[in-house]
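Coordinate analysis (summary)
Read off the chains here:
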Amino acid sequence: MSETPLLDQIIKNVRVVRPHQDVIELLDLGIQDGKFAQIAPNISADTGKEVFDGKKLLGFPGVVDAHMHIGIYQSLDKDAVTETKAAAMGGVTTSLNYIRTGQYYLNKGGSYQDFFPEVLALSAGNFFVDYSYHIAPIASQHIDEIPLLFEEHGVSSFKIFMFYGGYGLHGLSDQQNLFLMINKEERYDFAHFEFIMRGLTRLVEKHPEARDTISLSLHCEVAEILNAYTKIVENDSSLSGLHAYSAARPPHSEGLAICIASYLASETNCANINLLHLSSRKAMEAALTMQTAFPHINFRREVTVGHLLLDVDTPNTIWAKVNPPIRPRADVEYLWQAVLNNQVDWIVSDHACCSAEQKRSAKNPNNIWLAKSGFGGTEYLLSGVFSEGSKRGMSYNHIAKLLSWNPSRRFGLLEKGDIAIGYDADLVLLDPNETFVVRAAESESQQGYTPFEGMELTGRVKSTFLRGNLIYNNGEVLGSPIGRYLKRPSNNSPGNSAA
């Protein structure tokens, strides 16, 4: 009779948090070939090659940060290293990154057939966590490339930036065709968005087996309203900083864009729609109204940790410039209520590392209009949601659902999102009682500042495991980058173990 082979690793004494179970059990986790292979109380230490003591910390499934930007403000290969170190220290084990042709990123236009292999080459060997990409079809030729991106590269999620056709990334602009690097006769407009949706509907018809995981994400703001209000607000001396930026990109612009996008989705039968980074009460109410108006469309609603932790009175004004803007406190509390009401499907960082030198104008550092948009924050995603969510009565399993399970299902990461037999052994050990003050100087990110600076959070990540490998422990990122590119949907699903 042959002996049972030793497990590669046993992580003992973990208070396991699962997305579909209210009970938190003290369990041991046996790992084999990067997967959870045995989950039980008191697994004998003699049955494992290595043993790690979880010290009765909470064990969450590895966080799936479903909205990040790698390589937007510095070269992708360099950005990947520092920013996924930051991800690892925050318990993120899967990074889903939005990317497109045009200015920033690789600073080139052309076909994705040429562009995306270059993205993958720059990514290889530079990610400390597993990763994949969402792609924005910018030029009309990109719509024809949607099947190629799905069939050859396993890209199942796509994006529209609704305001890009007539408004700049950082403010007013009449140079959008140059910015997007498309021909002057091309338009990035509602008709283009419609044709993207029709392209995705055709893809689903061709690949019905992937119906649940082919989706379209939208940044919902209407350029014409942003243009008009920016001109008004720039001439209003009573408004400054984040108050001014929020007024220049008003919430009803989000609401209107959501209504237009939703109607187009219904018109084109584009089944899976993700409404990204809803920042305001008006945006969330519009999203919920559209769910009722178009019940046959499978909507998902996203919010960011920035919009849940910051408001227009945050002292770190310039550092907190982002699109859509940080909003007044009443909007923040409304978003939290939506989270608690199960009206939000996942929470993300929208991480976009922008160095201090790039972020602010050297000549006029306090001018909100001259500042760049976006900031990092993946390292504070789990702790931020845990800290503020716990105060409001959010359960641990609800946190696991929003940060791991829901995004993993939507985006076809079928081996991620739960602590269960057959799933990737992605695990975060978190001390629920440890309080810390956010200091940018302690982050692995290259950014050098954070709009969360000085914020006190309760719930600190102590250890992060990626496929059973310890990649972060007690303040230190370990080893070299072992993150893998994830083709989606992943084929070998362990099955839905929600029971």
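Note that the coordinates shown come from a computational prediction; the quantities given were computed from them, not determined experimentally. (Residues numbered from 1 in each chain as written. Predicted model: local features only at pLDDT ≥ 70, side-chain atom pairs only at ≥ 80, totals over all residues. Heavy atoms only, no water.)

Structural notes on the overall build of the chain
Looking only at helices and strands, the chain features 15 helices and 17 strands. The C-alpha atoms of the chain give 22 Å as radius of gyration, which agrees with the globular expectation for 499 residues (23 Å, within 12%). Considered along the principal axes of its C-alpha atoms, the chain spans approximately 75 × 50 × 40 Å. Relative to its full complement of 499 residues, the chain shows a buried share of 61%. For the chain, the proportion of contacts with a sequence separation of at least 24, taken over those separated by at least 6, is 77%. Carbon and sulfur atoms form 49% of the exposed surface of the chain, whose accessible area is close to 18500 Å². Side chains of the chain give 44 positive and 56 negative charges; the mean places of these two sets differ by 2 Å. (Helix = DSSP H or I, 4+ residues; strand = E, 2+ residues; numbered from the N terminus. Rg over C-alpha atoms; globule rule 2.2 N^0.38 Å. Buried < 20%, exposed > 50% of the residue type's maximum accessible area, 1.4 Å probe, protein only. Contact = heavy atoms within 4.5 Å. Areas by Shrake-Rupley, 256 points an atom, 1.4 Å probe, with all protein chains shown as cover. Lys, Arg positive; Asp, Glu negative; His and termini not counted. Charge placed at Lys NZ, Arg CZ, Asp CG, Glu CD.)

Considering the packing of helix α10 (residues 281–293) against helix α12 (residues 329–340)
As a packed pair, α10 and α12 sit with axes 8 Å apart at the nearest point and diverge in direction by 35°. For the pair formed by α10 and α12, the contact residues are Arg281, Met284 and Glu285 on the first element and Asp331, Tyr334, Leu335 and Ala338 on the second. Considering only residue class, the contact of α10 with α12 consists of four nonpolar, no polar and three charged. (Axes fitted to C-alpha atoms, helices over the stretch in contact; angles between N-to-C directions. Nonpolar A, V, L, I, M, F, W, Y, C, P; charged D, E, K, R; others polar.)

Concerning the nonpolar core
Judged by nonpolar contacts, the single largest core of 129 residues is most densely connected at Leu216, Ile273 and Ile347. If near-sequence neighbours (up to four positions away) are discounted, Ile273 is found in contact with Met197, Leu216, Leu218, Ala265, Ile297, Asn298, Phe299, Arg300 and Arg410. With 17 residues, the next largest nonpolar core counts Leu27, Ile419, Ala425 and Leu427 among its residues. (Core = buried A, V, L, I, M, F, W, Y, C linked by side-chain atoms within 4.5 Å.)

Considering the UniProt feature "domain: Amidohydrolase-related" (unreviewed entry) in the chain
Cross-referencing UniProt, the feature "domain: Amidohydrolase-related" (unreviewed entry) maps to residues 331–470 in the present numbering. The span residues 331–470 is 29% helix and 21% strand, and its two end C-alpha atoms sit 39 Å from each other. (UniProt positions renumbered as here; feature names shortened; annotations may be inferred.)

Concerning the pairing of strand β15 (residues 456–466)
When strand β14 (residues 427–437) meets β15, the two strands line up antiparallel, connected through eight bridges. Across the sheet, residue Leu429 finds its bridge partner in β15, namely Ser463. When β15 meets strand β16 (residues 469–473), the two strands line up antiparallel, connected through four bridges. Bridging across to β16, Ser463 finds its partner in Asn473. Linkage of β15 to β16, two consecutive antiparallel strands, is achieved through a turn of two residues, within which Arg467 is found at a positive phi near 50°. (Pairing = 2+ DSSP bridges.)

With respect to the pattern of salt bridges
Taken as a whole and assessed by the stated rule, the structure comprises 25 salt bridges. Two residues, Asp418 and Arg18, come together in a salt bridge whose shortest N-O distance is 2.9 Å. Placement of Asp418 in the loop between α15 (396–410) and β14 and of Arg18 in the loop between β1 (7–16) and β2 (25–32) is noted, with a sequence separation of 400 residues between them. Put simply, Glu118 and Lys108 hold a salt bridge, and the shortest N to O gap is 2.9 Å. Residue Glu118 is found in helix α2 (residues 112–123), and its partner Lys108 is found in the loop between β6 (92–99) and α2; the two are separated by 10 residues along the sequence. (Salt bridge = Lys/Arg side-chain N within 4 Å of Asp/Glu carboxyl O.)

Re unusual backbone geometry
In this chain, Asn323 is followed by Pro324 through a cis amide linkage whose omega measures -15°. Following the sequence through the fold, Pro324 ends up in the loop between α11 (305–309) and α12. Cis geometry marks the peptide bond from Arg488 to Pro489, where omega comes out at -10°. Mapped onto the elements of the fold, Pro489 is located in the segment after β17 (476–477). Of note, Asn42 is a non-glycine position whose phi angle comes to about 55°, a positive value. Within the secondary structure, Asn42 sits in the loop between β3 (35–40) and β4 (48–61). Of note, Asp350 is a non-glycine position whose phi angle comes to about 50°, a positive value.

Quick word on the side chain of Thr82
Checked against the element boundaries, Thr82 lands in helix α1 (residues 76–89). A polar atom in the side chain of Thr82 sits 3.4 Å from the backbone oxygen of Asp79. Setting aside residues no more than four positions away along its own chain, Thr82 makes contact with Gln74, Glu444, Ser445 and Gln446. (Polar contact = N/O pair within 3.5 Å; in protein donor to acceptor, adjacent residues only side chain to side chain.)

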